[in-house]
Amino acid sequence: ALRSTLVFAAIAGPASFAFMSIKVAIPRLVPFYADPWLIDFDRFISFGVHPWQITHAFFGPIATRVIDIGYSLWFVALTVASLWVSFDRNQRFQIKSAIAYMLTWILLGNVLAIALSSVGPIFYKDFFGDQVFVPLMERMDAAPNVLLIREYLLQNYGQEVLGSGISAAPSLHVAVTMLLYLMAKERFGHGLVCWLTLGYLLLILIGSVHLAWHYLVDGLIAMALTIPIWHLSERLVSRLTRQSIGAESP
């Protein structure tokens, strides 16, 4: 288990820096353009209103504060999941999860993020000069973590520092949490852990819209594409296993 942990740590460090560098470079590769299309699609699937108007009709300032805290704990959940995979005794599950995690970041966090270069509601006024999300941002006084992170991202825009880079579609918060749910479902079945991860997935999906970070379609794309990535990882592990057995055969 210790060896697996060291291997994952050795891979994760450089990979995380590479992902961040590409994320920071997105507007230089493809200038932000997709937000108006994403907004139109959001309103189409939400019967003519913005999805955030629906969530804020149900959740007031106190609930917004709770969602803000839960959303901010995503990095803690990510760390716990990484440690779980590192120390899990099922080597096939370890490899599959590691492959799926890397593919999620590469394909969704980099490739598709470049193709759908966008900033999200929280930065829409800053980059597009439109006031459409000002009423949403006025509600963020109940979400201090949102305001702190927003300020940090704007201050470090274009700089390769920890956690920097602006990208809305697809939502990596939702994608990685979806992956965590799929991992829990495979490893623990339909037990308590599975239901807890499903609940957290719903919180992240709702929170991504409620807290102005993403359009609803950002999360839906992320969820839809994480599933085939998980199945692709299974196929890759099966191929690696067959090759390993073939190499060991006399």
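First, a word on scope: everything that follows refers to the structure included in this document. (Residues numbered from 1 in each chain as written. Predicted model: local features only at pLDDT ≥ 70, side-chain atom pairs only at ≥ 80, totals over all residues. Heavy atoms only, no water.)

1. Topic: the packing of aromatic side chains
Counted according to the given criterion, the structure contains 13 aromatic pairs. Geometrically, the ring pair formed by W84 and F93 is tilted, given 5.4 Å between the ring centres and 40° between the ring planes. Classification of F93 by relative accessible area gives buried; the value is 3%. Taken together, a centroid distance of 5.2 Å and an interplanar angle of 65° make the contact between F127 and Y157 edge-to-face. Note that F127 is positioned in helix α7 (residues 124-128) and Y157 in the loop between α9 (144-155) and α10 (172-188), a separation of 30 residues in sequence. Residue classification places F127 among the partly exposed residues on the basis of a relative accessible area of 28%. (Phe/Tyr/Trp six-rings, centres within 6.5 Å; stacked < 30°, edge-to-face > 60°. Buried < 20%, exposed > 50% of the residue type's maximum accessible area, 1.4 Å probe, protein only. Helix = DSSP H or I, 4+ residues; strand = E, 2+ residues; numbered from the N terminus.)

2. Concerning the pattern of salt bridges
Inspection of every chain in the model, using the stated rule, returns 5 salt bridges. Between R65 and D68 there is a salt bridge whose closest N-O contact spans 3.1 Å. In this pair, R65 and D68 both sit in helix α4 (residues 61-72), 3 residues apart, roughly one turn of the helix. Its relative accessible area of 1% is what places D68 among the buried residues. We note a salt bridge from E234 to R92, for which the minimum N-O separation is 2.5 Å. Here R92 lies in helix α6 (residues 91-115) and E234 lies in helix α12 (residues 216-248), a separation of 142 residues in the sequence. (Salt bridge = Lys/Arg side-chain N within 4 Å of Asp/Glu carboxyl O.)

3. Quick look at the environment of P61
Considering the arrangement of structural elements, one finds P61 in helix α4. Spatially, the C-alpha atom of P61 lies 8.5 Å from that of D141, the residues being 80 residues apart in sequence.

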